[in-house]
Amino acid sequence: MELHIRLDGRKGLTDQLYQQLRAGIDSGHLAAGTQLPPTRLLAEQLGVSRKTVAEAYSRLTYDNLLSGVVGRGTFVTPRQPLRSSEPGAITLAASASLERWQARATVLSQRQAQAPSRYDFIGGVSSKAQFPFDQWRSCLNYALRRSQRHPDRHFTAQGLPELRQAIAHHIAYTRGVHCSAADLLVCNGAQQALDLIARVLVEPGCQVAMEDPGYPPARQLFLALGAHLQSVPVDDQGLCVEHIADGTRLIYVTPSHQFPLGMPMSEARRHALLARAAQLGALIIEDDYDCEFRYQGPAADALQRLDRQGLVAYVGTFSKTLLPELRLGYAVLPPAVLQAACVAKHLSDWHSPSLLQWALARFLAEGHLHKHIRRCHEVYSARRERILARLQGDLAPWFSAVPASAGFHLSALARPGVDVELLANLARKVEVGLYPLAPFFSEAPARQGLLMGFGAIELLDIDPALDRVRDTLQHLN
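Residues numbered from 1 in each chain as written. Predicted model: local features only at pLDDT ≥ 70, side-chain atom pairs only at ≥ 80, totals over all residues. Heavy atoms only, no water.

S.K.: Residues and numbers for the overall build of the protein, please.
M.R.: Within the protein one finds 15 helices and 17 strands. Considering only C-alpha atoms, the protein reaches an extent of 85 × 65 × 50 Å along its principal axes. For the protein, with 477 residues in total, the buried portion stands at 51%. The contacts of the protein with a sequence gap of at least 6 include a subset with a gap of at least 24, amounting to 73%. When the accessible surface of the protein is summed, it comes to about 22900 Å², and 52% of that surface belongs to carbon and sulfur atoms. The distance from the centre of the 49 positive side-chain charges to the centre of the 45 negative ones in the protein is 6 Å. (Helix = DSSP H or I, 4+ residues; strand = E, 2+ residues; numbered from the N terminus. Buried < 20%, exposed > 50% of the residue type's maximum accessible area, 1.4 Å probe, protein only. Contact = heavy atoms within 4.5 Å. Areas by Shrake-Rupley, 256 points an atom, 1.4 Å probe, with all protein chains shown as cover. Lys, Arg positive; Asp, Glu negative; His and termini not counted. Charge placed at Lys NZ, Arg CZ, Asp CG, Glu CD.)

S.K.: Could you give an account of helix α3 (residues 50-62), with specific residues and numbers?
M.R.: Relative to the 18 Å expected for 13 residues at 1.5 Å per residue, α3 spans 18 Å between its end C-alpha atoms, a close match to the ideal helical length. Among all positions of α3, only Thr 52, Val 53, Ala 56, Tyr 57 and Leu 60 are buried. On an axial view of α3, the arc spanned by its buried residues comes to 130 degrees, and they lie on one face. Across α3 from its buried face, at more than 90 degrees, point the exposed residues Lys 51 and Tyr 62. Close packing links the buried residues of α3 with α1 (13-27), β1 (35-36), α2 (39-46), β2 (66-69) and β3 (73-76). (Expected span 1.5 Å × (residues − 1). Arc of directions from axis to C-beta.)

S.K.: Describe the sheet that holds strand β13 (residues 399-401), naming the residues involved and giving the relevant values.
M.R.: Pairing in this open sheet of four strands is antiparallel, and the strands run β13-β14-β17-β16 from one edge to the other. The two strands at the open ends of the sheet, each matched to only one other strand, are β13 and β16 (435-436). Direction of pairing for β13 relative to strand β14 (residues 409-414): antiparallel, over a ladder of three bridges. Counterpart to Ala 401 in the pairing with β14 is Ala 412. The strands touched by helix α13 (residues 368-391) are β13, β14 and β17 (449-453); relative to β14, the strand with the most contacts, the crossing angle is about 10 degrees. (Pairing = 2+ DSSP bridges. Axes fitted to C-alpha atoms, helices over the stretch in contact; angles between N-to-C directions.)

S.K.: So what's going on with the packing of aromatic side chains? Which residues, and what values?
M.R.: A full pass over the atoms with the stated rule returns 16 aromatic pairs. Each ring, one from Phe 293 and one from Tyr 380, has its centre 5.1 Å from the other, and the planes form 80 degrees; the classification is edge-to-face. Here the residue Phe 293 occupies a position in the loop between β10 (283-287) and β11 (312-317), and Tyr 380 occupies one in helix α13, the gap between them amounting to 87 residues. The two residues Phe 293 and Tyr 380 agree in class, both being buried. Three or more aromatic residues link up through ring pairs in this structure, and these residues are Phe 293, Tyr 295, Tyr 380, Phe 408 and Phe 454. Sitting over the ring of Tyr 18, Arg 59 keeps its end group 4.0 Å from the ring centre. Here the basic side chain of Arg 362 rests over the ring of Tyr 142, its NZ or CZ set 4.1 Å away from the ring centre. (Phe/Tyr/Trp six-rings, centres within 6.5 Å; stacked < 30°, edge-to-face > 60°. Lys NZ or Arg CZ within 6 Å of the ring centre and 35° of its normal.)

S.K.: Account for the sheet that holds β10, naming residues and giving values.
M.R.: Spatially, eight strands are ordered β5-β12-β11-β10-β9-β6-β7-β8 in an open sheet, and the strand pairing comes out mixed. A strand with exactly one partner marks an edge of an open sheet, and here the two such strands are β5 (184-187) and β8 (238-239). Pairing between β11 and strand β12 (residues 329-332): four bridges, direction antiparallel. Directly across from Thr 317, in β12, lies its bridge partner Gly 329. Against the sheet, helix α7 (residues 161-175) touches β5, β11 and β12, its axis set at about 105 degrees to β5.

S.K.: Account for the environment of Ala 336, naming residues and giving values.
M.R.: Here Ala 336 lies in helix α11 (residues 335-349). Residue classification places Ala 336 among the exposed positions, given a relative accessible area of 62%. Along the primary structure Ala 336 and Gly 310 are separated by 26 residues, whereas in three dimensions their C-alpha atoms are 9.4 Å apart.

Interpretation note: all reported values are geometric properties and have no functional meaning in isolation.
As structure tokens, this is what we get:
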């Protein structure tokens, strides 16, 4: 591929070449690390002498814009592009809107930007070591063969019928959800499901209620759509339903495994929530993000199973159960909401990737998901028990666990006097990733504690990690 240079006439060729190369570097078109053609090759391409090119390269090297590496060639030196300070730049009329969206950065995205620690208790991340890559690869190969034979070029926004049927069977069996394939919408992860539901229901100024503490991406999504957001407190039975304000149009909850504290919503509170939603005409979004894994007592049915009036939108994901990279989720929606959400989905991205949908449908149909969940349940249960044993043992002077029976994270509340933020900062210095609860609170007084995920940390790493946490706490006293 030739470097795009245009020389005018036969005078000042070195200066022309220098100015064009410098402009390309300043604008970022010639990015840092780009290798320039050898002087002989560029001279031949431009029809000039090699000396002309060598002199231009020499001037750029003197200006610290190029650097030569012996035996490799000439490269653009790393530097800041000057595009933002170009004299022709103007302020966009939509700058205020852009600034509002830029301000929507969440605690979860900030956490993900951090370099992973050697021992990491990050929540919401599953164990890749448990994932059945061979079976998934076979399902992907099936999807490729299916695509090769499929006559259609476009697919329905609602999702492939065979995948929706497989999901309906899966969530009926594992979560007691009442639905058929016709009630399901396949999405790019649970986050898109939340976005589509909110987009068709939320208008600027309308009232949305959600748990406090709660899931930051949902909070930021509702605010970005212009909602008036009510932060509803939670207690040991879940969302405090009596605090939901009149005029509320949408209620977001995590009843099976409250995010981030972890306790389930009681049966009485679930019935009270459904009654309050019926009184308001409000839709409830039930985010059932990681409840395939249950460790104590009988599995609680989904809130959606109790719904007899079309008030619950049930949202689930495979990113937590399988792999974070697998951006496939789903929503079980009442008919009126489903029709509107399918239109919004079509306008957003037409449909989720058909190859992944075929592969996942095959994966479910062959029983690989159930086997994977059983394997992970054993692994996660052992990790959970080890963390609880330490919290109830040598870490008990500083922390107490919040009772939780599902998912693959738990919360540990700090006892008075523990500086959780300082602890997290010091722990990172000894290669332990700890994550405070405080950023998940909005208006409710923040409770000091830690969200302790056990999806990404191996069982044999838990004790060495918590030994370092204990030693750090002892030095803080």
